[in-house]
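So you can see what is in the structure, the chains are spelled out below.
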Amino acid sequence: MNVVREAPLPGASFGTKLRLDGDAARIVAAAEADPGVLPAALADAKGLLLIQGMNGISDDPDLLIRLSRVFGPEVEDYRHTLTDLKAVHVSVPEILLVSNRPPVGKAPPKRPDPPLAADGLIPTQYPHRKGWHTDQSYRRPPPDISLFYAVTPAERTTGQTLFANGILAYEALPPALRAKVETLVGLHAQPGSGRSRDAALAGRTPRAFAVYERSQPQPVVRAHPVTGEKSLFLCEWGQMDWFEGPFVGLEPGPHGAGAALLDEIMAHYTERRFCYAHEWTEGDLLVWDNRCLVHAATWFDGDRESRMMWRTTVHGNPGAPYAGEKKSWIPAAAG
């Protein structure tokens, strides 16, 4: 497989843009014929690859599934994971639809206030920028890789996807903060389960969990199962349990010692030096490693624009701490 790498991505200290020969069909066939190349490139890039000009996926969505299988043994079928079927591709159930169009109707995030950071750029640092998460961290075992394809992106300069690199952020932790996080365990909650920080601050009582919905403990520091590098693994406002957490063994709640520590960690994690902002073009494909990155969506004018993105989720190598675990989110397995 002939690959030209451009690294790091513009304005970032990680990530790689791949220049590959041919159209989407040819690229996918080449990746299947030499299946170690792209996963190795992802590891070398510390978790983020960009492949442009993949427009053929829009006409042949199975290409996205075939490429996803290069990165791991299982591509999630969203019909069997309690996902709202309105957000599942009608003919390819391994594709999640991320769109503000009906019937999905996922509204864009709010604009930060102020909309720009002090340096005049799009804000990345928490809490000015909220919404940082890694996909499905509220599951055990959590997924490995996500592929995100732009069918119809928002207008350029809006609707970006931001990434923060947990490997780089961990390496740069001040010694005192590193000592606090090394054995720390976070408690991750499924969005919609009523356990967000907003819900806790409003004094709302969370609804009862079904067994497959319960919040899941995850180490704040994970060793990457491929590279061995240590990485931060943490979310923030809406994907942590703010009633029993956010951390196991620390004072819970939105004003407790756990909350103060989370704010300190996330402010460090999302400093601009650890971040990349992707401006989408139709046909772009991003591949990211949930084991060492968090990401956040940004605002676009949902009243004026229609955005459609396709996502797949790859499972199979979460690391030794998860060995032999049943899927926490499958009712039969969770029971």
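Model, not experiment: these values are computed from the prediction.

1. Digging into the pairing of strand 9 (residues 216–219)
The alternating pattern of strand 9 places Gln216 and Gln218 on a buried face, while none of Pro217 and Pro219, on the opposite face, is buried. As defined by bridge partners, strand 8 (residues 185–188) adjoins strand 9 across four bridges and the pair is classed as antiparallel. Residue pairing for strand 9: glycine 186 is matched across the bridge by glutamine 218.

2. Description of the nonpolar core
Leu48, Trp132, Leu232 and Ile265 are the most contacted members of the largest nonpolar core, which totals 52 residues. The dominant element in this core, judged by the number of residues it contributes, is helix 8 (residues 257–269), at six residues. Setting aside anything within four residues of it in sequence, one finds leucine 48 in contact with Leu9, Phe14, Gly15, Thr16, Leu42, Phe163, Tyr276, Leu286, Val287, Trp288 and Leu293. Grouped together as the second largest cluster of nonpolar side chains are 34 residues, Ala41, Ile65, Val70 and Leu147 included.

3. Examining the packing of helix 1 (residues 24–33) against helix 4 (residues 62–70)
Relative orientation of the contacting elements helix 1 and helix 4 amounts to 25°, with a least axis distance of 9 Å. The orientation of helix 1 relative to helix 4 falls into the category roughly parallel. The crossing of helix 1 and helix 4 is left-handed. Contacts between helix 1 and helix 4 involve Ala24, Ala25, Val28, Ala29, Ala31 and Glu32 from the first element and Leu63, Arg66, Leu67 and Val70 from the second.

4. Notes on the packing of aromatic side chains
What characterises a pair of aromatic rings is the spacing of the ring centres plus the angle enclosed by the ring planes. In the structure shown here, the tally under the stated rule is four aromatic pairs. Ring geometry for phenylalanine 148 against tryptophan 280: centres 5.6 Å apart, planes inclined by 75°, an arrangement best described as edge-to-face. Remark: tryptophan 280 occurs in the loop between strand 12 (275–278) and strand 13 (285–289) and phenylalanine 148 occurs in strand 6 (residues 145–152); sequence separation between them is 132 residues. Each member of the pair, phenylalanine 148 as well as tryptophan 280, carries the same accessibility label: buried. Note on tyrosine 149 and tryptophan 310: the rings are 5.9 Å apart at their centroids and 50° apart in plane angle, and the pair reads as tilted. Residue tyrosine 149 is found in strand 6, and its partner tryptophan 310 is found in strand 15 (residues 308–315); the two are separated by 161 residues along the sequence. With relative accessibility at 8%, the residue tryptophan 310 sits in the buried group. Ring pairing ties together the aromatic residues Phe148, Phe163, Trp280 and Trp288, which thus form one cluster. Here arginine 178 stacks its cationic end above the ring of tyrosine 170, 4.5 Å away from the centre of that ring.

5. Some thoughts on helix 1
All of the buried residues along helix 1 are Ala24, Ile27, Val28 and Ala31. Taken down its axis, helix 1 places every buried residue within 95° of arc, on the same side. Along helix 1, exposed side chains directed more than 90 degrees from the buried face belong to Arg26 and Ala33. The elements touched by buried residues of helix 1 are strand 2 (16–20), helix 2 (37–44), helix 3 (56–59) and helix 4.

6. A closer look at the environment of lysine 46
Checked against the element boundaries, lysine 46 lands in the loop between helix 2 and strand 3 (48–51). Under the relative-accessibility criterion, lysine 46 is labelled partly exposed at 22%. In the structure, lysine 46 is positioned 121 residues away from isoleucine 167 in sequence and 7.4 Å away in space, judged by C-alpha atoms. Every residue in contact with lysine 46, bar those within four places of it in the chain, is listed here: Phe14, Asn165, Ile167, Leu168, Glu229, Cys292 and Leu293.

7. Remarks on unusual backbone geometry
The residue after tyrosine 126, namely proline 127, is reached through a cis peptide bond having omega 5°. Within the secondary structure, proline 127 sits in the loop between strand 5 (96–99) and strand 6. Of the consecutive residues glycine 245 and proline 246, the connecting peptide bond is found in the cis state with omega at 25°. The backbone of lysine 46 shows a phi angle near 55°, a positive value even though the residue is not glycine. Despite not being glycine, threonine 157 has its phi angle at roughly 80°, a positive value. Residue position: threonine 157 is located in the loop between strand 6 and strand 7 (161–165).

Procedures and definitions
Residues numbered from 1 in each chain as written. Predicted model: local features only at pLDDT ≥ 70, side-chain atom pairs only at ≥ 80, totals over all residues. Heavy atoms only, no water. Buried < 20%, exposed > 50% of the residue type's maximum accessible area, 1.4 Å probe, protein only. Helix = DSSP H or I, 4+ residues; strand = E, 2+ residues; numbered from the N terminus. Pairing = 2+ DSSP bridges. Core = buried A, V, L, I, M, F, W, Y, C linked by side-chain atoms within 4.5 Å. Contact = heavy atoms within 4.5 Å. Axes fitted to C-alpha atoms, helices over the stretch in contact; angles between N-to-C directions. Parallel < 35°, antiparallel > 145°, perpendicular 65-115°, else oblique. Left-handed = near helix turned anticlockwise from the far one by under 90°. Phe/Tyr/Trp six-rings, centres within 6.5 Å; stacked < 30°, edge-to-face > 60°. Lys NZ or Arg CZ within 6 Å of the ring centre and 35° of its normal. Arc of directions from axis to C-beta.

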